[in-house]
Amino acid sequence: MFRCWKIAVCAAVMLGSAPLAHAEAPRDAAAIRAQGLQARLNPAERDARIQELAGWMRELNAADPEALHAVQGDFQFALMLMVDAGIYETLAPATINAVDDALESVFDLDEINRSNRWEPLIYAYGFFNRDVTPGQIVAVREGVAALGATERDRLYPVFPHSIDAVTKGLTMGGLATPEDTREALKIAMPMIIAALKQDPMPGRAFHPPSHAVLVLGPLFERWAADTPEGAIVREYAPADDAVNALLMRQLSSVSARGRELKDFERVYFGRTGRYAANALARRDAREAVPALREELARFAPLHEKDPEPARYLRRALVALGDADARAALEAQIETAPDTVRETAVWLCRNARGEGAGYGAGLLGKLLGCDAAMALERYFESLL
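Please read all numbers here as calculations on a predicted model, not as lab measurements.

Criteria and thresholds
- Residues numbered from 1 in each chain as written.
- Predicted model: local features only at pLDDT ≥ 70, side-chain atom pairs only at ≥ 80, totals over all residues.
- Heavy atoms only, no water.
- Helix = DSSP H or I, 4+ residues; strand = E, 2+ residues; numbered from the N terminus.
- Rg over C-alpha atoms; globule rule 2.2 N^0.38 Å.
- Buried < 20%, exposed > 50% of the residue type's maximum accessible area, 1.4 Å probe, protein only.
- Contact = heavy atoms within 4.5 Å.
- Areas by Shrake-Rupley, 256 points an atom, 1.4 Å probe, with all protein chains shown as cover.
- Lys, Arg positive; Asp, Glu negative; His and termini not counted.
- Charge placed at Lys NZ, Arg CZ, Asp CG, Glu CD.
- Expected span 1.5 Å × (residues − 1).
- Arc of directions from axis to C-beta.
- 1 Å grid on protein atoms, 1.4 Å probe; cavity = no way out; pocket = protein on both sides within 12 Å on 5 of 7 lines; lining within 4 Å.
- Points joined across faces, edges and corners; volume = space filled by probe spheres on them.
- Nonpolar A, V, L, I, M, F, W, Y, C, P; charged D, E, K, R; others polar.

Visitor: Help me get a handle on the overall build of the protein chain, residues and values and all.
Guide: In terms of regular secondary structure, the protein chain is built from 23 helices and 0 strands. At 21 Å, the protein chain has a C-alpha radius of gyration in line with the 21 Å of a compact globule built from 383 residues. Counting only C-alpha atoms and orienting by the principal axes, one finds that the protein chain spans roughly 60 × 50 × 45 Å. With 383 residues in all, the protein chain has 51% of them scored as buried. Within the protein chain, contacts between residues separated by at least 24 positions form 72% of all contacts whose residues are at least 6 apart in sequence. On the protein chain, roughly 16,800 Å² of surface is accessible, and the fraction owed to carbon and sulfur atoms is 54%. Within the protein chain, the 53 negative side-chain charges are centred at a point lying 4 Å from the centre of the 43 positive side-chain charges.

Structural data, given as structure tokens:
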């Protein structure tokens, strides 16, 4: 494995940092992903490369929407490399606007609320939708409120994407003016809190809270308590423990403790719980470890039918310092190195403090390099 990694790094070095030259927008996954990786690895070229990437999306959509649709997951991969903490903040406003404009040339809010056709790009869209207006957020809120019960159930996998698209940008920074930012937060926060406080229901009701858990924590982190924006956020979630309690409410070990789950609750908490685990790991919410352990004990027996809840829960426990979860992960270094590497990379990009440091050390061990350089070496290896 290490020999293959060294060959890959040499290839990355030979590729150098010169911009990729194309007569027209590429349609192959490798070129699109390489553009994102080069942007991540070369800060001096980051804005130029991502603006070029945005241009590719516009060109492909204009020439052949089906071609863009076929590689939208690769564009998502490249864009998501830009939204990690410490990376997004280096992007120029013109770059964020270029990506936003390119995505809006592919779909609008009506399209988002109609189908999942562009779901990978829609997921990335919210991070760059920094020109959203309070009026647009109100329109989404009113549109959701107007849905009848039958239509709401049919649209459950769709309409939360609209809420996500107009609120996620607030986790990345301010809008056009400070006044717009504060007004938008006053509209967005009640929508997010309401989604997190809904009771478990059958069908696809897990979808709104699954999105809301991924917005609330970053909003709390983005806006400090001593800012006017932070004061608005904390009006609805006044402290760290209140935020964590709302996130932990999505675990059956908290909301349905001490009783057997109904069939629809297994589906509901199997979905909401996995994303709550992600959010708790990102917040370094170590008080959640006992609840996550209980949740894992409840969902681990279902592993063969659906391994995802248990996988997310184990990863969160690793991030939050659970000794048993870490020992189980390290035991797979020889037998399942790809699984360990995937977890370590996630920790490097998403965990905080000691959890991120643990992930970097683990990744460095796998790649045979210093922990401080492990994530960069990993991205170089992908080239």
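After that view, the rundown keeps rolling.
Visitor: Lay out unusual backbone geometry with the relevant residues and their values.
Guide: The phi angle at Asp 284 is positive, at roughly 55°, despite the residue not being glycine. In this structure, Asp 284 sits in the loop between helix H17 (263-282) and helix H18 (289-299). On the accessibility criterion, Asp 284 (28% relative accessible area) is partly exposed.

Visitor: Quick one: what's the story with the environment of Gly 203, residue by residue and with numbers?
Guide: In this structure, Gly 203 sits in the loop between helix H12 (178-197) and helix H13 (207-222). Put simply, Gly 203 and Phe 264 are 61 residues apart on the chain and 7.3 Å apart in space, counted from C-alpha to C-alpha.

Visitor: Which residues make up helix H9 (residues 134-145), and what are the values?
Guide: Over its 12 residues, H9 runs 17 Å from end to end, which matches the ideal 16 Å to within 8%, given 1.5 Å per residue. All of the buried residues along H9 are Pro 134, Ile 137, Val 140 and Val 144. End-on, the buried residues of H9 take up no more than an arc of 125°, which puts them together on one face.

Visitor: Describe empty space enclosed by the protein, with residues and values.
Guide: Taken as a whole, this structure holds 1 cavity of 30 Å³ or more when the rule is applied. Here the largest cavity defines a volume of roughly 90 Å³. Forming the boundary of the largest cavity are Pro 160, Ile 163, Asp 164, Thr 167, Met 191, Ile 192, Ala 195, Pro 208, His 211, Ala 212 and Val 215. Of the residues contributing to the lining of the largest cavity, the split by class is 8 nonpolar, 2 polar and 1 charged.

Visitor: Give me the lowdown on the environment of Leu 175, citing residues and values where you can.
Guide: Position of Leu 175 relative to the elements: it lies in the loop between helix H11 (159-167) and H12. As a C-alpha pair, Leu 175 and Asp 131 span 44 residues in sequence and 5.9 Å in three-dimensional space.

Visitor: I'd like a description of the environment of Ala 351, backed by residues and values.
Guide: Along the polypeptide, Ala 351 turns up in the loop between helix H21 (337-350) and helix H22 (353-367). If we ignore the near neighbours within four places in the chain, the residues touching Ala 351 are Ala 281, Ala 319, Trp 346 and Ala 356.

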